[in-house]
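# Summary of the model geometry
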Amino acid sequence: MNQDQPTTSGDVDGGRAVNRRTVLKVVGGTTLALGGMSGVASAHAAQFSGCGRVCTDTDGNFAVVATGDGYEGRHLEAASAGDVPWSHDNTYCYEATDGERIVGFIEEDEWNQGEGCTLCLNPNDCATDHHDGAQDIIDNIDESTIGVCEGVLTTGNCTVSGTGEPSDGKPDEPGRAGDVPLLNYALALEHLEQAFYEDGLGTFSDEELMGADALSAFGETVRMQVPAYLRTIGKHEAAHVTAISETIEALGGTPVEPAEYDFGYETPSEFLATAQALEDTGVAAYTGAAPRLVDNDVLSAAASIQSVEARHAAFLRLVNGEVPFPDVVEGAQSIEEVLDVAGQFLTSKVNASQFEPRGDRPAFDRKSDDDTTDLDILNYALTLEHLENAFYREGVDQFSDDELREADVLSVYGDEIRERVPEYVQTVGDHEAAHVEAITGTIEDLGGDPVGEAEYDFGYETPSEFLEIAAVLETMGVSAYAGAAPSVANDDVFAAAVGIHAVEARHSAYFNELNEESPFPDAFDEPLTIADVQDIAGQFIVEE
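Worth saying up front: this structure is predicted, and the values here are computed from it rather than measured. The residue count restarts for each chain, going from 1 along the sequence in the order it is written. In view of the model being predicted, local features appear only for residues whose pLDDT reaches at least 70, and side-chain atom pairs are presented and counted only at 80 or more, with totals across whole chains, interfaces and linings using the full set of residues. Calculation of side-chain values draws on the structure's entire complement of heavy atoms; hydrogens and water are dropped beforehand.

## So, the overall build of the protein
Within the protein, the secondary structure is distributed over 16 helices and 13 strands. Within the protein, the fraction of its 544 residues that count as buried is 55%. Per-residue accessibility takes into account occlusion by the displayed protein chains alone, with areas from the Shrake-Rupley method and a 1.4 Å probe. If you sum the accessible surface of the protein, you get close to 21,900 Å²; carbon and sulfur atoms cover 46% of it. Secondary structure is summarised from DSSP: a helix means a run of H or I of at least four residues, a strand means a run of E of at least two, and numbering begins at the N terminus for each. Throughout this description, buried means an accessible area under 20% of the type-specific maximum (1.4 Å probe, protein chains only), exposed means over 50%, and partly exposed covers the range between.

As structure tokens, then:
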């Protein structure tokens, strides 16, 4: 985690360099025992129980735990023998706290013999994905936490023997409760965002926000919207905090508390730029985490927040002079990547591993057998993407750039908004065409038959009516993906669907703004059933 002084707006960027280790994979929890070191006359016996507990039969040794950006030692304390494989009474253990993963064990008494301290790796899968080998741990451990082993820690060939059931006293929770770490990850981000808006809105007056240099190119309408919309976004983040906290408590978990923050902005423009970076990062965080959620109720709730975060981001990008929807499919970020950005604003470390689900997890609800196959869902999505693709293709052909810029509905806006409407309409159309191509190819790869484009009658006659229907179609797309995604079994297909869902939300926010409607009317986007969406889409389909 970066602990440098938080940067100002120009330095806040979701594309910063990230830790070379990939997002941590947590698998299994088999108990393995260390009978001794190969080539070393060791009298120790040691036992790992998954990644939550390590015990030895001699005092003075250390567990090694993974932290957010390295490793630390933890002294083993006297404990009851429990299920250890030795018969004498001497037992010393370390139990991992919430979020910690025990990745190794250090034998200190070898140092007393003048041969240095030896590091043994925990061979469980939930530990091995935290490091790039023993030397990685030695290079990155905080030596101040390993006592007399400081400066004399070496690698060793550890002989592993014995198996058993995990006995760390923290059994993996099945079903929905297994999603608690990921929910706490989302909650930590929502706490940050809520605190950010409370801080900024308490720092700057409405007049100062409306007079931000970043808004100088915009007319009065946009400038007057900004303070009110920022307050709305802040209320949304507070609602997300409440909803996620209540869900965690209902699942028997403990919600994480807010941290201490230093956001580092000094001007209203820097505040707006930081807001954009946080919202973009929030979207990427939900996009990356959603495919790992087990329970469909939790997944649906996460999707409804992800799209709202995307709406926030689109508006903030618009007022910062950036493209509201920069990608065809929303990019996902790992927990470590997201915390690398969020860490700029935290005054203390956050251990990324606390947000990793523990051990073996139950099957995903969305992989359950039902009457809807992935091909059914893909062809349903393709039907909607065909409709949107045709809508923008026909609209761009029918109206010139000047006609779009001069649409009556845009009369309240200045040149900065109107001038870019043709460009952004074309960009959205290109996105929908790309979605059609991608989904068609996926269906064919899976051995299915892609549905073709139908005949449509969109019913608009003026540029304003065209822009109004665009808002309707994009909002329908958001709800359609939110409702259907939890039924997708294939992981790659699901990840792509979640990525498209966020992009549709960005489109929707933009067209809502053009129609003088809130870009983010609710704190949670509501999903629609396939039948509901077909009723809406059917109004525009003349013949299939």
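## Thoughts on the pairing of strand E8 (residues 101-107)
The side chains of a regular strand alternate between the sheet's two faces. With 7 of its 7 residues buried, E8 lies for the most part within the structure. For two strands to be treated as a pair, DSSP must find at least two bridges joining them. Bridging between strand E4 (residues 62-66) and E8 involves 5 bridges; their strand directions are antiparallel. Bridged to valine 64 within E8 is glycine 104. Pairing analysis gives 4 bridges linking E8 to strand E9 (residues 117-121), with the strands arranged antiparallel. Bridge pairing in E9 links isoleucine 106 to leucine 119.

## Quick notes on a negative patch on the surface
To count toward a patch, a residue needs a relative accessible area over 30% and no salt bridge; like charges are then connected within 9 Å, while nonpolar side chains (Val, Leu, Ile, Met, Phe, Trp, Tyr) are connected within 5 Å. Salt bridge, as used here: a side-chain nitrogen of Lys or Arg that lies within 4 Å of a carboxyl oxygen of Asp or Glu. The charge count treats Lys and Arg as positive and Asp and Glu as negative. His and the chain ends do not count. Taken as the charge centre is NZ of Lys, CZ of Arg, CG of Asp or CD of Glu, depending on the residue. Taken together, the side chains of Glu461, Glu465, Glu468, Glu516 and Glu517 present a region of like negative charge at the surface. By the secondary structure assignment, glutamate 516 is in the loop between helix H15 (491-514) and helix H16 (530-537).

## Overview of the side chain of arginine 366
Looking at the element boundaries, arginine 366 is found in the loop between helix H9 (335-342) and helix H10 (374-398). Under the relative-accessibility criterion, arginine 366 is labelled buried at 2%. Look past the residues within four positions of arginine 366 in its chain and what remains in contact with it is Pro291, Asn296, Leu299, Pro486, Ser487, Val488, Ala489, Asn490, Asp491 and Phe494. It only takes one pair of heavy atoms within 4.5 Å for two residues to be counted as in contact.

## A few points about the state of the cysteines
Whenever a pair of cysteine sulfur atoms sits within 2.5 Å, that pair is classed as a disulfide. Following the criterion strictly, the structure yields 2 disulfides and no others. Residue pairing for cysteine 55: its cysteine sulfur links by disulfide to cysteine 93, the two sulfurs lying 1.9 Å apart. A torsion of 105° about the S-S bond marks the disulfide between cysteine 55 and cysteine 93 as right-handed. Within this pair, whereas cysteine 55 is found in strand E3 (residues 53-56), its partner cysteine 93 is found in strand E7 (residues 92-95), the two being separated by 38 residues in sequence. For cysteine 55, a relative accessible area of 1% translates into the label buried. Cysteine 117 shares a disulfide with cysteine 149; S-S distance 2.1 Å. Between cysteine 117 and cysteine 149, the disulfide has an S-S torsion of -80° and is therefore left-handed. Here cysteine 149 lies in the loop between helix H3 (134-140) and strand E10 (153-155) and cysteine 117 lies in strand E9, a separation of 32 residues in the sequence. Neither residue differs from the other here; cysteine 117 and cysteine 149 are each classed as buried.

## Thoughts on the sheet that holds E9
Strands sit in the order E5-E4-E8-E9-E10 across an open sheet of 5 strands; the sheet is mixed. Looking at strand neighbours, the two that pair on one side only are strand E5 (71-75) and E10, the edges of this open sheet. The average undirected angle you get between the axes of adjacent strands in this sheet is 35°. Orientation is described by lines fitted to C-alpha atoms, with helices fitted over the stretch in contact, and by angles between N-to-C directions that extend from 0 to 180 degrees.

## Remarks on helix H4 (residues 180-203)
In this model H4 runs 34 Å from its N-terminal to its C-terminal C-alpha over 24 residues, within 8% of the 34 Å that 1.5 Å per residue would give. Of all the 24 residues making up H4, 18 are buried; the element is thus mostly covered by neighbouring parts of the structure. Each helix should span, by expectation, one fewer than its residue count multiplied by 1.5 Å.

## Some details on the nonpolar core
In this structure, Phe391, Phe458, Phe466, Leu467 and Phe511 are the most contacted members of the largest nonpolar core, which totals 108 residues. Of all the elements, H4 adds the most residues to this core, at 11 residues. Setting aside residues up to four positions removed in sequence, phenylalanine 466 forms contacts with Phe391, Tyr392, Gly395, Phe399, Leu404, Val425 and Tyr460. Nonpolar cores are built from buried Ala, Val, Leu, Ile, Met, Phe, Trp, Tyr and Cys residues. Side-chain atoms within 4.5 Å join them into one set. Membership of the second largest hydrophobic core comes to 18 residues, among which are Cys51, Phe62, Ala127 and Ala134.

## What about the confidence of the model for the protein?
A low pLDDT score tells you not to read the predicted coordinates there in detail. Per residue, pLDDT captures the predictor's confidence, and it can take any value from 0 to 100. Residues at a pLDDT of 70 or more form 83% of the protein, whose mean pLDDT is 83. Segment residues 1-43: pLDDT under 50, and 144 contacts once partners within four positions in sequence are set aside and those in other chains are kept.

## Some points on the packing of H10 against H15
Between H10 and H15, whose axes approach to 13 Å, the crossing angle comes to 30°. Between H10 and H15, the angle falls in the class roughly parallel. When you trace H10 past H15, the crossing you get is left-handed. Across the interface between the two elements, Leu378, Glu385, Glu388 and Tyr392 of H10 pack against Val493, Ile500, Glu504 and Phe511 of H15. For the contact of H10 with H15, the class distribution of residues is 5 nonpolar, no polar and 3 charged. Throughout this description, any angle smaller than 35 degrees is read as roughly parallel, any larger than 145 degrees as roughly antiparallel, any in the 65 to 115 degree range as roughly perpendicular, and the remainder as oblique. Crossing handedness is read from the near helix: turned anticlockwise from the far helix by less than a right angle, it gives a left-handed crossing, and turned clockwise, a right-handed one. Classes in brief: Ala, Val, Leu, Ile, Met, Phe, Trp, Tyr, Cys and Pro nonpolar; Asp, Glu, Lys and Arg charged; the others, Gly included, polar.

## Focus: the pattern of salt bridges
Overall, the coordinates contain 16 salt bridges when judged by the stated rule. Linking arginine 74 and glutamate 72 is a salt bridge whose minimum nitrogen-to-oxygen distance equals 2.8 Å. An identical accessibility class is assigned to arginine 74 and glutamate 72; each is buried. Between arginine 418 and aspartate 415 there is a salt bridge, with its nearest N and O atoms 2.8 Å apart. Of this pair, arginine 418 and aspartate 415 both sit in helix H12 (residues 415-418), separated by 3 residues, roughly a single helical turn. The class of arginine 418 is buried, set by a relative accessible area of 18%.

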